Amino acid sequence: MYLAIDLSLYITAIKETFFMTFVSSFISYVIGIPLGVLLYMTDKDGLTPNTPIYNALSLIVNIFRSIPFLILLILILPVTRVLVGTTIGARAVIPPLVFSASPYIARMVESSLKEVDLGVIEAAKSMGATNFQIITKVLLSESKPSLLIGAAITITTILGYSAMAGAVGGGGLGDVAIRYGYYRYNQEIMIITVVLLVIIVQLIQEVFMGMARKSDKRL
Amino acid sequence: MAIIEIKNLKKVFTTKTDKLVALQDINLSIEKGEIFGIIGLSGAGKSTLVRMINFLETPTEGDVYFEDKNIGALNASELRNIRREIGMIFQNFNLLEQRNVLKNVLFPLEISGAEKESSIKRAKELLKLVDLSDKERAYPSQLSGGQKQRVAIARALATNPKVLLCDEATSALDPKTTNQILDLLKKINRELGVTVVIITHQMSVIENICDKVAILDQSRVVEMGNVKEVFKSPKSEIGKKLIFGATENKDVDFEKTNDKTCLRLAFDGSMTNEPIIANMVLTTNYAVSILYANSRMIDGKMLGQIIIELPDDKEIQFKIKQFLDSKKIIYWEV
């Protein structure tokens, strides 16, 4: 049967899926966290309110969040080619994933930071903390459990998007599902890939939720 | 020498539709080493006032001097240095929930760039001072309210401040814990020489530990002076209300009909439902006569006064006073 013959096919696909998901999640967080902090800081109730900057950032974030992923993937093909030198395969999916996930992460981070008690920030100020110290030692550390819960949601969403990229020649499990399962009407492969995706999502979700629980000292 | 000098301070909050004057014409001089109380009902502007001392709130007009330095004239980094000399504690403790007790106390030292080893030593000393040495590794969520406030006090003292600002520091605590925290503040004031500024709506807090008091009402200081003086004969309407629970147009002056010694007991809203007079009679074995009693609700708190006639026997008088002291009841002879 296909299962035995194509074992290497699944292994490669799983590897590609993990590669796409984690590399783009990582890059997206590198961009998304500072963006989220900036949104928080420049908000009218933030530490350094600046309405023009907040509005501009907010607009850009919302524009990218409102473009459907498949459209965005095609729209930025020229950018993708410049950045990774190709427009097909697992690597080519990373730029659109980053473009799509970073603004999403920025909003998640912004909302996590808003959960931090303003009284604690005031206390830090009263002790002579700089804004940078408040960001790193109060805002980000106090919201760590919430940020991890956000990461569970974000990374599983990125994984879902990465599977969608299979439709336009991206790699990974989504690619296998579409090429073998859908185009060749092979239901078995379709089911196997879907089951694999479900398992991976479960795994990521549980790992991050576990980390969030473990890091939360509020009981 | 005045350590904090507040001159013609005014704070106006501007909303879209309105301008709200939170404070005006505030002139206060807080002497080094004293415990200064600021009392008022909710909305009187007390919290805004204390936040203008360390510039967490910027005054609309007027100046605040700390050791003769005009705080409003400082740049950002100078202001941060001054803030390290002015500790602050809050009603809701405001501890970092994700850090344990020791790391909370270390926080101000960490951000001031202090060396790690000596910081840990200092933090441990402070935890000993507030009697929480055994809770070093505990997280705030594992502590009671009183313990949290003691951690907050240790944290506020970490950078060796000259002043400690207390914003309703005992308002979230029960009467017993309140007294423990007040005793600790007194100890810090006496032993470390830290000037303490206390914001409260509880008269008992003022009576228990403050040397001086300023009464705030409708955005102004309406009365100020030594606690004993103000308590004996409050001049302002709000002062009378807070101390005696008097009605607005009925004066509480009480005419004595004979020359027996009388005691005026004041209830300031912090008492539990304990039947004080009945217990006093049971404890002292002397049936006092109540000559006058009056109470009312202010701001959700029971305030009032009772005037009792004392016996001529000095020993029983002493017993009665001892009982009242043990219950932290405010009283004086009339």
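Residue positions are given per chain, counting from 1 as you read along its sequence in written order. Chains carry letters from A onward and ligands carry numbers from 1 onward, assigned in written order. At least 70 in pLDDT is required for a residue's local features to be given in this predicted model, at least 80 for side-chain atom pairs to be given and counted, and no such filter applies to totals for whole chains, interfaces and linings, which use all residues. The side-chain figures draw on all heavy atoms in the structure; neither hydrogens nor water molecules are used.

Caption draft 1: Region of interest: the overall build of chain B. Think of it this way: any DSSP run of H or I at least four residues long counts as a helix, any run of E at least two long counts as a strand, and we number them from the N terminus. Of the regular secondary structure elements, chain B holds 11 helices and 14 strands. Using C-alpha atoms as the atom set, the radius of gyration is obtained and then compared with a globule rule of 2.2 Å times the number of residues to the power 0.38. Here chain B has a C-alpha radius of gyration of 22 Å; the compact-globule value for 334 residues is 20 Å, and the two agree. Once the C-alpha set of chain B is aligned to its principal axes, its extents read approximately 65 × 50 × 40 Å. Counting every position in chain B, which comprises 334 residues, the buried fraction comes to 52%. For chain B, the share of sequence-separated contacts (at least 6 apart) that also reach a separation of at least 24 residues comes to 68%. Every accessible area reported is derived by Shrake-Rupley at a probe size of 1.4 Å, with residue values counting cover from the shown protein chains alone. Roughly 15200 Å² of accessible area belongs to chain B as shown, and the carbon and sulfur atoms make up 46% of that amount. Side chains of chain B carry 47 positive and 45 negative charges; the gap between the two charge centres is 5 Å. Think of it in three bands: with a 1.4 Å probe and only protein chains considered, a residue is buried below 20% of the maximum accessible area for its type, exposed above 50%, and partly exposed in between. Pairs of residues are marked as contacts when any of their non-hydrogen atoms sit within 4.5 Å. In this charge count, Lys and Arg are treated as positive and Asp and Glu as negative; neither His nor the chain ends contribute. All charge positions are set by atom: Lys at NZ, Arg at CZ, Asp at CG, Glu at CD.

Caption draft 2: The arrangement of the packing of aromatic side chains in detail. Residues and elements named next belong to chain A. Only Phe, Tyr and Trp rings take part, Trp by its six-membered ring, and two of them pair if their centres are within 6.5 Å. Stacked means planes under 30 degrees apart, edge-to-face means over 60, and tilted covers everything else. According to the stated counting rule, one finds 4 aromatic pairs over all chains in the structure shown. On the basis of an interplanar angle of 45° and a centroid distance of 5.7 Å, the ring pair of Tyr-182 and Tyr-183 is categorised as tilted. Think of it as a cone above the ring: NZ of Lys or CZ of Arg counts as a charge over the ring if it is within 6 Å of the ring centre and within 35 degrees of the ring normal. Taking the ring centre of Tyr-180 as reference, the NZ or CZ of Arg-184 above it sits at 4.4 Å.

Caption draft 3: Quick peek at the domain arrangement of chain B. An automatic or database domain assignment provides the domain bounds reported here. One can read the domain layout of chain B as domain 1 (2-232) and domain 2 (245-333). On a C-alpha basis, the centroid separation for the pair domain 1 of chain B and domain 2 of chain B is 32 Å.

Caption draft 4: Expanded view of the sheet that holds strand β2 (residues 19-31) of chain B. Residues and elements named next belong to chain B. Read from one edge to the other, the open sheet built from 4 strands follows the order β2-β1-β4-β5, with strand pairing classed as antiparallel. If you trace the sheet from one side to the other, it starts and ends with β2 and β5 (69-70), each paired once. Taken together, the 5 bridges between strand β1 (residues 2-14) and strand β4 (residues 61-66) define a ladder with antiparallel strand orientation. Bridging from a neighbouring strand, Ile-4 pairs with Phe-66 of β4. Lines fitted to C-alpha atoms define the axes here, with helix axes fitted over just the stretch in contact, and angles between the N-to-C directions of these axes take values from 0 to 180 degrees. Running over the sheet, helix α1 (residues 46-53) touches β1, β2 and β4 and is turned about 125° from β1. Here, a strand pair is defined by DSSP locating no fewer than two bridges between the strands.

Caption draft 5: Here's a closer look at the sheet that holds strand β10 (residues 220-226) of chain B. Residue and element names in this part refer to chain B. Ordered in space as β6-β7-β8-β3-β9-β10, the 6 strands form an open sheet in which the pairing is mixed. Strand pairing shows two members of the sheet lacking a second neighbour, β6 (86-89) and β10, which therefore form its edges. Strand-to-strand twist of the sheet, defined as the mean angle between neighbouring strand axes without regard to direction, takes the value 15°. For strand β7 (residues 163-167) and strand β8 (residues 195-200), the ladder comprises 5 bridges, and the chain directions are parallel. Considered in β8, the bridge of Leu-164 is made with Val-196.

Caption draft 6: Representation of unusual backbone geometry. Residues and elements named next belong to chain B. Of note in this structure, Asn-8 is not a glycine but carries a positive phi near 45°. Looking at where Asn-8 falls in the secondary structure, it is placed in strand β1. Positioned with a positive phi, Ser-219 is a non-glycine residue whose angle comes to about 70°. Here Ser-219 lies in the loop between β9 (212-217) and β10.

Caption draft 7: Highlighting a nonpolar patch on the surface. Distance thresholds for patches are 9 Å for like charges and 5 Å for nonpolar side chains (Val, Leu, Ile, Met, Phe, Trp, Tyr), applied to residues having over 30% relative accessible area and no salt bridge. Any carboxyl oxygen of Asp or Glu that lies within 4 Å of a side-chain nitrogen of Lys or Arg is treated as forming a salt bridge with it. A grouping of Leu-70, Ile-74, Leu-77, Met-164 and Val-168 of chain A is seen on the molecular surface, where their side chains present a nonpolar patch of about 350 Å² in accessible area. Mapped onto the elements of the fold, Met-164 of chain A is located in helix α9 (residues 144-164).

Caption draft 8: Structural context of helix α3 (residues 101-111) of chain B. Buried residues dominate α3 of chain B, accounting for 9 of its 11 residues. Listed as buried for α3 of chain B are Val-101, Leu-102, Asn-104, Val-105, Leu-106, Phe-107, Pro-108, Leu-109 and Ile-111 of chain B. As for α3 of chain B, its buried residues are in contact with α7 (118-126) and α8 (131-142) of chain A together with α4 (116-129) and α5 (145-157) of chain B. In the stretch just after α3 of chain B, Gly-113 of chain B is the one whose phi turns positive, near 80°.

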